[in-house]
Structures are given as structure tokens and as C-alpha cells.
Amino acid sequence: MAASTTRIATANARRYMTQLCKHWAHKFAVTYDENQGAVPFSEDRLCRLAADDTGLDITIEVADAAGLPQLQQVVIDHLKRFAFREELGEPVWTPVG
């Protein structure tokens, strides 16, 4: 399993996390509450989200490391669509483990 994480600084983290989870809940078995969420894109691809007052932590886990950049981009592209009123900057992804 390969994984990476990034933190997006925003005061709207909980709102964006909820929007992402609701958006993907139409296709995937998403779970979330006011502070965290999990989006299982498939058996071997997972996005974990954790929101607090200052930002959104995003962790991507994939079975094949070659698929990591693509899923990172999908998640960030969707986040930027929901946060179009705010400049979030470019994410810096850090390997986990």
C-alpha cells in the first residue's frame, strides 16, 4: 500500500470536506461526520479527510504507487471546484510510512 498526505490551509475545511463526501456518496460507500470522512473509490483506493478550524488534511492510499498521482489530482481538482471563491494554493504531498 502506498500513501501520501497533504494539508490545505482553509477556514472552510469542514464545509469542503462535507461537500466532497456528499458528492462522492452518490457513487461510493462514503462515511463522514463533522470532522472526518473516508471515500473508498475502490477496494484498493481510499481517500481519508480530516477537517479542523484551520485546514483540511487529505490522505490518499492506493495499492499500486503508480496510481497515487492520478488520485491525488482527482481529489484536488474536485476540492478546487468546491472552493472556487478561495485560493488554496498548490498542495505539497508527503509520502506516508
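Predicted, not measured: the structure shown is a model, and the values here were computed from it. (Residues numbered from 1 in each chain as written. Predicted model: local features only at pLDDT ≥ 70, side-chain atom pairs only at ≥ 80, totals over all residues. Heavy atoms only, no water.)

**Points about the overall build of the protein chain**
Right, on to step 1. Helix and strand content of the protein chain: 2 helices and 6 strands.
Right, on to step 2. Over its C-alpha atoms the protein chain spans a radius of gyration of 12 Å, differing by no more than 12% from the 13 Å that the globule rule assigns to 97 residues.
Right, on to step 3. If one aligns the C-alpha atoms of the protein chain with their principal axes, the spans along those axes are about 35 × 30 × 20 Å.
Right, on to step 4. Every one of the 97 residues in the protein chain was classed for burial, and the buried ones make up 40%.
Right, on to step 5. Contacts in the protein chain between residues at least 24 apart in sequence constitute 55% of all its contacts with a sequence separation of at least 6. (Helix = DSSP H or I, 4+ residues; strand = E, 2+ residues; numbered from the N terminus. Rg over C-alpha atoms; globule rule 2.2 N^0.38 Å. Buried < 20%, exposed > 50% of the residue type's maximum accessible area, 1.4 Å probe, protein only. Contact = heavy atoms within 4.5 Å.)

**A few points about helix 1 (residues 13-24)**
Two residues of an α-helix separated by three or four positions point the same way, owing to the 3.6 residues in each turn.
Right, on to step 1. Between its first and last C-alpha atoms helix 1 spans 17 Å; for 12 residues at 1.5 Å apiece the expected length is 16 Å, and the two agree.
Right, on to step 2. Within helix 1, burial applies to Ala13, Tyr16, Met17, Leu20, Cys21 and Trp24. Each buried residue of helix 1 lies within a common arc of 130 degrees when the element is viewed along its axis, so the set occupies one face.
Right, on to step 3. The inward-facing, buried residues of helix 1 contact strand 2 (31-32), strand 3 (36-42), strand 4 (45-51), strand 5 (55-62) and helix 2 (68-82). (Expected span 1.5 Å × (residues − 1). Arc of directions from axis to C-beta.)

**Quick notes on the sheet that holds strand 3**
Right, on to step 1. Pairing is antiparallel in the open sheet, where 6 strands are placed in the order 2-3-4-5-1-6. Two strands in the sheet have a free side with no partner beyond their single neighbour: strand 2 and strand 6 (94-95).
Right, on to step 2. Across 2 bridges, the pairing between strand 1 (residues 2-9) and strand 6 is antiparallel. Of the residues in strand 6, the one forming a bridge with Ser4 is Pro95. (Pairing = 2+ DSSP bridges.)

**Thoughts on the nonpolar core**
Right, on to step 1. Core analysis: the biggest nonpolar cluster contains 26 residues, and Cys47, Leu49, Leu56, Ile58, Ile60, Val75 and Leu79 have the highest contact counts within it.
Right, on to step 2. The set of elements that each furnish at least two residues to this core consists of strand 1, helix 1, strand 3, strand 4, strand 5 and helix 2.
Right, on to step 3. Top element by residues in this core is helix 1. It accounts for 6 residues.
Right, on to step 4. Once residues lying within four places of it in the same chain are set aside, the contact partners of Val75 are Trp24, Phe41, Cys47, Ile58 and Ile60. (Core = buried A, V, L, I, M, F, W, Y, C linked by side-chain atoms within 4.5 Å.)

**Observations regarding the pairing of strand 5**
Right, on to step 1. Burial runs high along strand 5: 7 of the 8 residues are buried.
Right, on to step 2. Sheet analysis places strand 1 next to strand 5, joined by 8 bridges and oriented antiparallel. The residue bridging Thr5 from the neighbouring strand is Thr59, located in strand 5.
Right, on to step 3. Across 7 bridges, the pairing between strand 4 and strand 5 is antiparallel. Within strand 5, the residue paired with Ala50 across the bridge is Asp57.
Right, on to step 4. The hairpin turn running from strand 4 into strand 5, its antiparallel successor, is 3 residues long.

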